[in-house]
Amino acid sequence: GESVGLHLPTLSVQEGDNSIINCAYSNSASDYFIWYKQESGKGPQFIIDIRSNMDKRQGQRVTVLLNKTVKHLSLQIAATQPGDSAVYFCAENSAPHGGTSYGKLTFGQGTILTVHP
Amino acid sequence: DVKVTQSSRYLVKRTGEKVFLECVQDMDHENMFWYRQDPGLGLRLIYFSYDVKMKEKGDIPEGYSVSREKKERFSLILESASTNQTSMYLCASSLLRGTGVEKLFFGSGTQLSVL
């Protein structure tokens, strides 16, 4: 079946460094990708999303890059802060080919980001 | 901001009990979802609903059922709880747009322990 996976389960950075979290996907029909941040004891929070007609999208301190050729998605966090420490999930829409997704998302396993002061 | 509220933060039940997890959203979203989250497995979709009284199975529906009698409320039911249903349960909602997928808004989760 289709899946979304992460290259690294953990990432440790120093405060002020830039962080890059990677994600590989296998569903070539996916047209929507999204990153969530989950802090301990909380539900996932939306960070940024991107549709397949784009290859880059920027938010506040975050950038998502989409490479459809190699089916790769990345989240870049600039000037990482201790408050950025969390689990980060990538997700893709999981519509069957030619079908309707009804907004269903398939999630990766997550990457733990730890930011050291 | 969208608010998705799950009725319980922590829940402890016994094997064989019938369990109800309730979720309410306040933004008139058409889509609602139930996921379970387990360490190392990420979020897995149990059931979803795209309209009142409509429901669709997700990837792991076995042992669960759902109810959506009102647009704002989506209930997850464990007919006979088992220990392998000990997990974090997350409810989410989203708009249904003709342009396709929209981002999901999640509740804070219910940590269910089945003893």
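Residues numbered from 1 in each chain as written. Chains lettered and ligands numbered in written order. Predicted model: local features only at pLDDT ≥ 70, side-chain atom pairs only at ≥ 80, totals over all residues. Heavy atoms only, no water.

## Let's talk about the overall build of chain B
Piece 1. Across its full length, chain B holds 0 helices and 12 strands.
Piece 2. Along the chain direction, N to C, the helices and strands of chain B fall in the order β-β-β-β-β-β-β-β-β-β-β-β.
Piece 3. Expressed as a percentage of its 115 residues, the buried residues of chain B come to 49%.
Piece 4. Across chain B, every contact between residues at least 6 apart in sequence was considered, and the portion connecting residues at least 24 apart equals 56%. (Helix = DSSP H or I, 4+ residues; strand = E, 2+ residues; numbered from the N terminus. Buried < 20%, exposed > 50% of the residue type's maximum accessible area, 1.4 Å probe, protein only. Contact = heavy atoms within 4.5 Å.)

## Points about unusual backbone geometry
All names here are of chain B.
Piece 1. Even without being a glycine, Asp28 presents a positive backbone phi close to 60 degrees.
Piece 2. Relative to the assigned elements, Asp28 resides in the loop between β4 (23-25) and β5 (31-38).
Piece 3. Residue classification places Asp28 among the exposed positions, given a relative accessible area of 52%.
Piece 4. A positive phi angle, close to 65 degrees, is found at Lys53, a residue other than glycine.
Piece 5. Looking at where Lys53 falls in the secondary structure, it is placed in the loop between β6 (42-49) and β7 (56-57).

## What to know about the state of the cysteines
Piece 1. A full pass over the atoms with the stated rule returns 2 disulfides over all chains.
Piece 2. The residue that forms a disulfide with Cys23(A) is Cys90(A), at a sulfur-sulfur distance of 1.9 Å. Where Cys23(A) bonds to Cys90(A) through sulfur, the torsion about that S-S bond is close to 55 degrees, and the disulfide is right-handed. Remark: Cys90(A) occurs in strand β9 (residues 86-93) and Cys23(A) occurs in strand β3 (residues 19-25); sequence separation between them is 67 residues.
Piece 3. Judged by relative accessible area, which is 1%, Cys23(A) ranks as buried.
Piece 4. Exposure remark for Cys90(A): the relative accessible area of 0% places this residue in the buried category.
Piece 5. The disulfide that involves Cys23(B) links it to Cys91(B), with 1.9 Å between the sulfurs. Handedness here is read from the sign of the S-S torsion; for Cys23(B) and Cys91(B), about -80 degrees, the answer is left-handed. Of this pair, Cys23(B) sits in strand β4 while Cys91(B) sits in strand β10 (residues 87-94); the two residues are 68 residues apart in sequence, bridging distant segments of the chain. Of the two residues, Cys23(B) and Cys91(B), both sit in the buried class. (Disulfide = S-S within 2.5 Å.)

## A few points about the interface of chain A and chain B
Piece 1. Tallying the contact residues gives 20 residues for chain A and 21 residues for chain B.
Piece 2. Each partner contributes to the roughly 1800 Å² buried at the junction of chain A and chain B, and carbon and sulfur atoms together form 61% of this total.
Piece 3. Where chain A touches chain B, the interface holds 0 salt bridges.
Piece 4. Looking at the side of chain A that touches chain B, the elements that each hand over two or more residues are β4 (32-38), β5 (45-51), β9 and β10 (105-107) of chain A. (Buried area = accessible area lost by both parts, 1.4 Å probe. Salt bridge = Lys/Arg side-chain N within 4 Å of Asp/Glu carboxyl O.)

## Regarding the side chain of Asp49(A)
Residues and elements named next belong to chain A.
Piece 1. Within the element layout of this structure, Asp49 appears in strand β5.
Piece 2. Reaching out from Asp49, the side chain makes a polar contact with the side chain of Tyr32 at a distance of 2.7 Å.
Piece 3. Sequence-distant contacts of Asp49, that is, excluding residues within four places in its chain, are made with Tyr32, Phe33, Ile34, Arg57 and Val64. (Polar contact = N/O pair within 3.5 Å; in protein donor to acceptor, adjacent residues only side chain to side chain.)

## Some remarks on the pairing of strand β9 (residues 73-78) of chain B
All names here are of chain B.
Piece 1. The buried fraction of β9 amounts to 5 of the 6 residues, a majority that puts the element mostly inside the structure.
Piece 2. Sheet topology places strand β3 (residues 19-21) next to β9; 3 bridges connect them, and they run antiparallel. Its bridge partner being in β9, Leu21 is matched across the sheet by Leu76.
Piece 3. Direction of pairing for strand β8 (residues 64-70) relative to β9: antiparallel, over a ladder of 5 bridges. Note that in β9 the partner of Val66 across the bridge is Leu76.
Piece 4. With antiparallel pairing between neighbouring strands as the criterion, β8 and β9 make up a hairpin whose turn holds 2 residues. (Pairing = 2+ DSSP bridges.)

## Considering the environment of Pro44(A)
Piece 1. Checked against the element boundaries, Pro44(A) lands in the loop between β4 and β5.
Piece 2. Judged by its relative accessible area of 5%, Pro44(A) is buried.
Piece 3. Along the backbone, Pro44(A) and Phe89(A) are 45 residues apart, and their C-alpha atoms lie at a distance of 8.3 Å.
Piece 4. Setting aside residues no more than four positions away along its own chain, Pro44(A) makes contact with Tyr36(A), Lys37(A), Gln38(A), Leu43(B), Leu90(B) and Phe106(B).

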